[in-house]
Protein chains: 2
Amino acid sequence: MSERLAIEPLTREAFAPFGDVIECRADSIRMINGGTTERHHALARPEVVGEGASVILNIFRGQPRRFPYSLDMMERHPLGSQSFSPLSGRPYLVVVSPDEDGRPGRPRVFLAGAHQGVNYHRNVWHHPLMALGTVCDFLIADREGPGNNLEEFFFDNPYEIEEPTP
Amino acid sequence: MSERLAIEPLTREAFAPFGDVIECRADSIRMINGGTTERHHALARPEVVGEGASVILNIFRGQPRRFPYSLDMMERHPLGSQSFSPLSGRPYLVVVSPDEDGRPGRPRVFLAGAHQGVNYHRNVWHHPLMALGTVCDFLIADREGPGNNLEEFFFDNPYEIEEPTP
């Protein structure tokens with residue numbers, strides 16, 4: 001029997017050990033452009049390490065996942081952070097694990113709202129993109145450069161995620 | 001009488017002198033995540049210069065502009081690029097000018113689609129965010145760091161932009 005993972009709402013506080021939530025907050029406002037625009041400043045800071053590395057912007061177009069989902073692997077990027085901002089106006093799932101002696105611990109599953117991006121900090125275990133319901137686009141800020149920036153881990157016993165209720 | 005500016009469709013080719021168009025293209029695809037995700041790779045490369053500078057991610061929440069719009073100024077950022085990706089699924093206007101001896105030349109107005117972001121290259125004259133119709137959010141990748149990264153220019157004779165037809 002697979003162990004079933006509960007789905008939590010995505011909040012800045014709950015997600016803090018893993019990264020940033022990229023969303024408008026009352027305390028992040030600076031008014032600019034003659035008062036026509038709220039700038040929500042520095043909600044995340046992409047981090048890349050290594051000589052010759054740079055931040056790049058990409059779009060990921062993700063197929064929707066099917067449920068119940070069998071979560072059998074996690075990955076992490078030792079050389080850079082990776083952010084996801086939803087462009088299609090739909091919620092999605094965010095799955096992260098604390099590191100336990102170089103391998104992912106028990107995963108936590110967050111339901112991210114349509115207006116919430118996330119930035120995984122460097123070396124944080126996470127599951128690849130999990131779009132919901134239909135094909136969805138995301139803007140990604142991550143790293144390009146030399147070196148191996150991908151580490152994967154496969155669980156002996158997969159976890160199970162039920163279809164989230166809207 | 002103000003000179004009226006025509007509105008052009010936003011294409012990668014037309015915008016090339018000013019920056020990047022951040023959108024999915026057939027030739028930008030790399031399949032990842034076990035075939036579930038198209039990665040449209042490196043659609044833009046944020047550029048920041050100066051010691052202690054870094055790329056940051058922000059959300060800009062822009063009020064809609066009113067038309068006819070009197071375009072009386074342009075700005076540029078000498079120390080970094082600035083990208084805008086629409087999060088609200090709505091078109092917007094992009095206004096840029098070639099540089100002419102340190103001041104903006106005749107502006108060009110592009111109608112960006114709901115799925116098109118732009119990345120203004122460093123030092124490219126552009127008008128501040130022009131949302132259309134309703135309050136819209138954009139994800140911005142730009143620069144934080146020491147130094148003056150804003151130059152503004154005010155036209156003696158403003159230009160006029162008519163309301164774009166959808």
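Just so it is clear, the model here is predicted, and its values are computed rather than measured.

Chemist: I would appreciate a short explanation of the pattern of salt bridges in the present structure.
Modeler: Once the charged atoms of two side chains with opposite charge are near each other, the side chains can pair. Applying the stated criterion across every chain, the model contains 24 salt bridges over all chains. Between A:D99 and A:R76 there is a salt bridge; the shortest N-O distance is 3.1 Å. A residue pair is termed long-range when its members are at least 10 positions apart, and A:D99 in strand β10 (residues 99-100) and A:R76 in strand β7 (residues 69-76) qualify at 23 residues. What makes A:D99 partly exposed here is its relative accessible area of 41%. Residue A:R76 is classed as buried on the basis of its relative accessible area, which comes to 10%. For B:R122, the salt bridge is made with B:E47, and the minimal N-O distance between the two is 3.2 Å. Here B:R122, found in the loop between β13 (117-120) and β14 (125-126), pairs with B:E47, found in the loop between β5 (37-44) and β6 (54-62); they are 75 residues apart in sequence, far enough to count as distant. For B:E47, a relative accessible area of 33% puts it in the partly exposed group. Salt bridges sharing common partners tie together A:R4, A:E160 and A:E162.

Chemist: Any chance you could explain the sheet that holds strand β13 (residues 117-120) of chain A here in plain terms?
Modeler: Neighbouring strands of a sheet are bound in pairs by backbone hydrogen bonds; such pairs are parallel or else antiparallel. With antiparallel pairing, seven strands are arranged side by side in an open sheet as β3(A)-β13(A)-β8(A)-β16(A)-β6(A)-β5(B)-β4(B). Each end of this open sheet is capped by a strand with a single partner; those strands are β3 (19-22) of chain A together with β4 (29-32) of chain B. For this sheet the average axis-to-axis angle between neighbouring strands, irrespective of direction, equals 25 degrees. As paired strands, strand β6 (residues 54-62) of chain A and β5(B) are joined by five bridges and run antiparallel to one another. Opposite A:L57, over in β5(B), you have B:A44 as the bridge partner.

Chemist: Could you clarify how one ought to interpret the relation of the copies chain B and chain A in this entry?
Modeler: Between the two copies of this chain, the relationship is a rotation about some axis together with a displacement along it. After a rotation of 180 degrees and a shift along the axis of 0.0 Å, chain B superposes on chain A with an RMSD of 0.0 Å. Here the symmetry operator amounts to a two-fold rotation axis. When C-alpha distances to the rotation axis are compared across chain B, the minimum falls at B:L87, with a value of 2.5 Å. Both copies share a contact surface, since 100% of the interface residues of chain B are interface residues in chain A too.

Chemist: What's the story with the interface of chain B and chain A in this structure? I'm lost.
Modeler: Accessible area lost during the coming together of the parts is what is often quoted as the interface size. Counting residues at the interface gives 39 residues for chain B, matched by 39 residues for chain A. Each partner contributes to the roughly 3400 Å² buried at the junction of chain B and chain A, and carbon and sulfur atoms together form 54% of this total. A per-residue breakdown of the area chain B buries against chain A is headed by B:L57, B:I59 and B:R61, which together make up 19% of the total. For the pair chain B and chain A, the interface holds four salt bridges. The partner of A:E144 in a salt bridge is B:R45, and the shortest N-O contact between them spans 2.4 Å. Inspection of the region where chain B meets chain A yields 22 residue pairs in polar contact (both at pLDDT 80 or more). Those elements that place two or more of their residues in the side of chain B that touches chain A are β5, β6, β8 (82-86) and β16 (136-144) of chain B. Of all the elements, β6(B) adds the most residues to the side of chain B that touches chain A, at nine residues. Its residues assigned to classes, the side of chain B that touches chain A shows 18 nonpolar, twelve polar and nine charged.

The rules behind the values
Starting afresh in each chain, residues are numbered from 1 along the sequence in its written order. Labels follow written order: the first chain is A, the first ligand is 1, and so on. With pLDDT at 70 or above as the cut-off, local features in this predicted model cover only qualifying residues; side-chain atom pairs require 80 or more to be listed or tallied, and sums for whole chains, interfaces and linings still use all residues. Note: side-chain values were computed over all heavy atoms of the structure, leaving out hydrogens and water. Between Lys or Arg on one side and Asp or Glu on the other, a salt bridge is scored when a side-chain nitrogen of the former is within 4 Å of a carboxyl oxygen of the latter. Elements are defined by DSSP. Helices are runs of H or I of four residues or more, strands are runs of E of two residues or more, and each kind is numbered from the N terminus. Think of it in three bands: with a 1.4 Å probe and only protein chains considered, a residue is buried below 20% of the maximum accessible area for its type, exposed above 50%, and partly exposed in between. At least two DSSP bridges between two strands are required for those strands to pair. Between N-to-C directions, angles cover 0 to 180 degrees, with each direction set by a line fitted to C-alpha atoms, over the stretch in contact for helices. Least-squares superposition of the copies uses the C-alpha atoms of those residues scoring a pLDDT of at least 70 in each of them. It only takes one pair of heavy atoms within 4.5 Å for two residues to be counted as in contact. Here the quantity called buried area is the total loss of accessible area, with a 1.4 Å probe, experienced by two parts when brought into contact, counted for both. N or O atoms within 3.5 Å of each other form a polar contact, as long as, within protein, one can give a hydrogen and the other can take it, and as long as residues adjacent in sequence are counted only when both atoms are side-chain atoms. In this classification, Asp, Glu, Lys and Arg are treated as charged, Ala, Val, Leu, Ile, Met, Phe, Trp, Tyr, Cys and Pro as nonpolar, and every other residue, Gly included, as polar.

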